[in-house]
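Fold and contact review
Residue strings, one per chain:
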Amino acid sequence: MASSPKIFAIAGSCVLALYVGFIVVEKTHAATELKADTEAGAIPNVAVINPKQSPEKVALTLPGTIDAWYQAPIYPQVSGYVKMWYKDYGAHVKAGDALAEINAPALDAQYAQAKADLDSVMAKYHLATVTAERWRAMGRSQSVSGQSVSVSNANEQSAHAEVDAAQRNVDHFEALEKFKTIVAPFDGVVTARNINVGDYVNNGGGGLNSTGSASELFTVADVQKLRLFVSVPETFSYVLQPDLTATISVPQYRGRTFEAKYLTTSRGFDPNTRTAVAEFTLENKDEVLWPGTFASAALKSHNEDAHLYEIPTSALVFQEKGMQVAVVDESSRVHYRNVTVGRMADTSTEIQTGISPTDRIISNPPADVLEGDKVNVVDGQRGYNQSGFGKD
């Protein structure tokens, strides 16, 4: 029985040795896993895309303003008081239709004075003519000197000139008398009426508002055909081509669109906004669209650079060597490649040279990824930068 304690001691030692060995093995395994995890964690995860070919048609949506084909603010040409107006807001008018009448007593008096002056000089002219005729008759019989005849002829010519001047003055006031009736300059719609009966209007200036500026009496617009004006940013000026079309949508007609045809452009950029004005024509036979309407214009045009490729703008890398992209090779190594950039937009950029359609390009390269680094390619989330681009 004395040997039993020794047996138990040996068994305890074996158990302790096994336990210590197990702990050592576990620590070694954990260290190995930690090392592997650390090495794996040091390889960055990246999402890649494939370049896509530029579309044959380019599309761009910009705000625009619809205006009348013709629009005329009408000011008075005589001073006086409004006797009556005949056309209100929205009235359809024909060219020559009376819009309003103006009482101008001062003009009437001037017109009457001009006609009286004409009668006076006409009487003087008739007298000068009779006198000159008598002097010429006496001159033919050598009864008077040639000098006297010449003076008589000159007096007749002077009187005739005075008649012409007086007649021109009468014509002037006669024309102003016609301006007492305000008429429509062309067929259209009255879009503004800024007068009332009894208002005083000023020659050439309309009424005076609180700031002292002149205001028009009426505004008449031809709305059978409309003009659409769109300010195109300099970056997108390439869409201004003869085949350009615009699909118009306006807030008051949800779900309804209108087609506009490209007419011309300003051929110059505003230095303040860096935009060029493009003008479109728009049929409006049913007059559902009004001048001054805000419009959203979806522009479509042929893309002359359809042979190029596009990548997300976020894939570009700005280096001292110029613009580059980060390409992942078959062994998951990164290589930076110089590219030539074409047109740039917020989300996509055209690349003229330096890439091929099979390249795997990092869509948003990490700042710490260097040439030759190994990366782990993962599926990127389809979103702002990935939309529309293929990925492996």
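Now for a description of the structure that goes with this document. The structure displayed is predicted, hence computed values, not measured ones.

Following the criterion strictly, the structure yields 5 aromatic pairs and no others. Both rings, one in tryptophan 69 and one in tyrosine 70, keep their centres 6.3 Å apart while their planes meet at 65°; by these two values the pair is edge-to-face. Plain terms: the ring middles of tyrosine 262 and phenylalanine 280 are 5.7 Å apart, the flat faces sit at 65° to each other, and that makes the pair edge-to-face. Placement of tyrosine 262 in strand 14 (residues 258-265) and of phenylalanine 280 in strand 15 (residues 275-283) is noted, with a sequence separation of 18 residues between them. In terms of burial, tyrosine 262 and phenylalanine 280 fall into one category: buried. By way of ring pairs, the aromatic residues Trp69, Tyr70 and Phe186 are connected into one cluster. Over the ring of tyrosine 111 we find lysine 115, and its NZ or CZ is 4.4 Å from the ring centre.

Remark: helix 2 (residues 105-140) packs on helix 3 (residues 146-178), axes separated minimally by 8 Å, with the N-to-C direction vectors making an angle of 160°. As far as their axial angle goes, helix 3 and helix 2 are roughly antiparallel. Where helix 2 crosses over helix 3, the handedness of that crossing is left-handed. In terms of residue class, the contact of helix 2 with helix 3 is built from 17 nonpolar, 11 polar and 9 charged.

This next bit is on the side chain of aspartate 222. Within the fold, aspartate 222 resides in strand 12 (residues 218-233). Lacking a salt bridge, the buried aspartate 222 has lysine 285 as its closest oppositely charged neighbour, with an N-O distance of 8.0 Å. Of the polar contacts made by the side chain of aspartate 222, one reaches the backbone nitrogen of glutamine 224; its length is 3.2 Å. The contact partners of aspartate 222, leaving out residues within four places of it in the chain, are Ala68, Trp69, Tyr70, Phe186, Asp187 and Gly188.

Its location among the elements puts serine 158 in helix 3. Among the residues examined, serine 158 registers a relative accessible area of 38% and is labelled partly exposed. Here the alpha-carbon distance between serine 158 and alanine 128, two residues 30 residues apart in the chain, equals 8.9 Å.

For the rest of this paragraph, the subject is the environment of glutamate 162. By the element assignment, glutamate 162 lies in helix 3. Residues glutamate 162 and methionine 122, 40 residues apart in the sequence, show an inter-C-alpha distance of 8.3 Å.

Below, the discussion takes up the side chain of asparagine 50. With respect to the helices and strands, asparagine 50 occurs in the loop between strand 1 (45-49) and strand 2 (52-53). Of note is the side chain of asparagine 50, whose polar atom sits 2.9 Å from the backbone oxygen of aspartate 359.

In this model, arginine 274 sits at a positive phi of 55°, which is unusual for a non-glycine residue. Within the secondary structure layout, arginine 274 lies in the loop between strand 14 and strand 15. Positive phi is not limited to glycine here, since serine 332 has a value of about 65°. Following the sequence through the fold, serine 332 ends up in the loop between strand 19 (322-328) and strand 20 (334-338).

Quick look at the sheet that holds strand 7 (residues 181-183) now. If you trace the 4 strands from one edge of the open sheet to the other, you get 7-6-4-9, paired in antiparallel fashion. Every interior strand has two partners, whereas the edge strands, strand 7 and strand 9 (200-201), have only one. The sheet contact formed by strand 6 (residues 98-103) and strand 7 spans 3 bridges and is antiparallel. In the strand pairing of strand 7, alanine 98 is matched with valine 183.

With 33 residues, helix 3 extends 49 Å between its outermost C-alpha atoms, agreeing within 8% with the 48 Å of an ideal straight helix rising 1.5 Å per residue. Where helix 3 is buried, its residues touch helix 2.

Now for helix 2. For helix 2, which comprises 36 residues, the first-to-last C-alpha distance of 53 Å matches the rise-based estimate of 52 Å (1.5 Å per residue) to within 8%. For helix 2, the full list of buried residues reads Leu107, Tyr111, Ala114, Leu118, Val121, Tyr125, Ala128 and Ala132. In this fold, the buried residues of helix 2 make contact with helix 3. Two residues or fewer after helix 2 comes glutamine 142, characterised by a positive phi angle close to 60°.

Rules used throughout
- Residues numbered from 1 in each chain as written.
- Predicted model: local features only at pLDDT ≥ 70, side-chain atom pairs only at ≥ 80, totals over all residues.
- Heavy atoms only, no water.
- Phe/Tyr/Trp six-rings, centres within 6.5 Å; stacked < 30°, edge-to-face > 60°.
- Helix = DSSP H or I, 4+ residues; strand = E, 2+ residues; numbered from the N terminus.
- Buried < 20%, exposed > 50% of the residue type's maximum accessible area, 1.4 Å probe, protein only.
- Lys NZ or Arg CZ within 6 Å of the ring centre and 35° of its normal.
- Axes fitted to C-alpha atoms, helices over the stretch in contact; angles between N-to-C directions.
- Parallel < 35°, antiparallel > 145°, perpendicular 65-115°, else oblique.
- Left-handed = near helix turned anticlockwise from the far one by under 90°.
- Nonpolar A, V, L, I, M, F, W, Y, C, P; charged D, E, K, R; others polar.
- Lys, Arg positive; Asp, Glu negative; His and termini not counted.
- Salt bridge = Lys/Arg side-chain N within 4 Å of Asp/Glu carboxyl O.
- Polar contact = N/O pair within 3.5 Å; in protein donor to acceptor, adjacent residues only side chain to side chain.
- Contact = heavy atoms within 4.5 Å.
- Pairing = 2+ DSSP bridges.
- Expected span 1.5 Å × (residues − 1).

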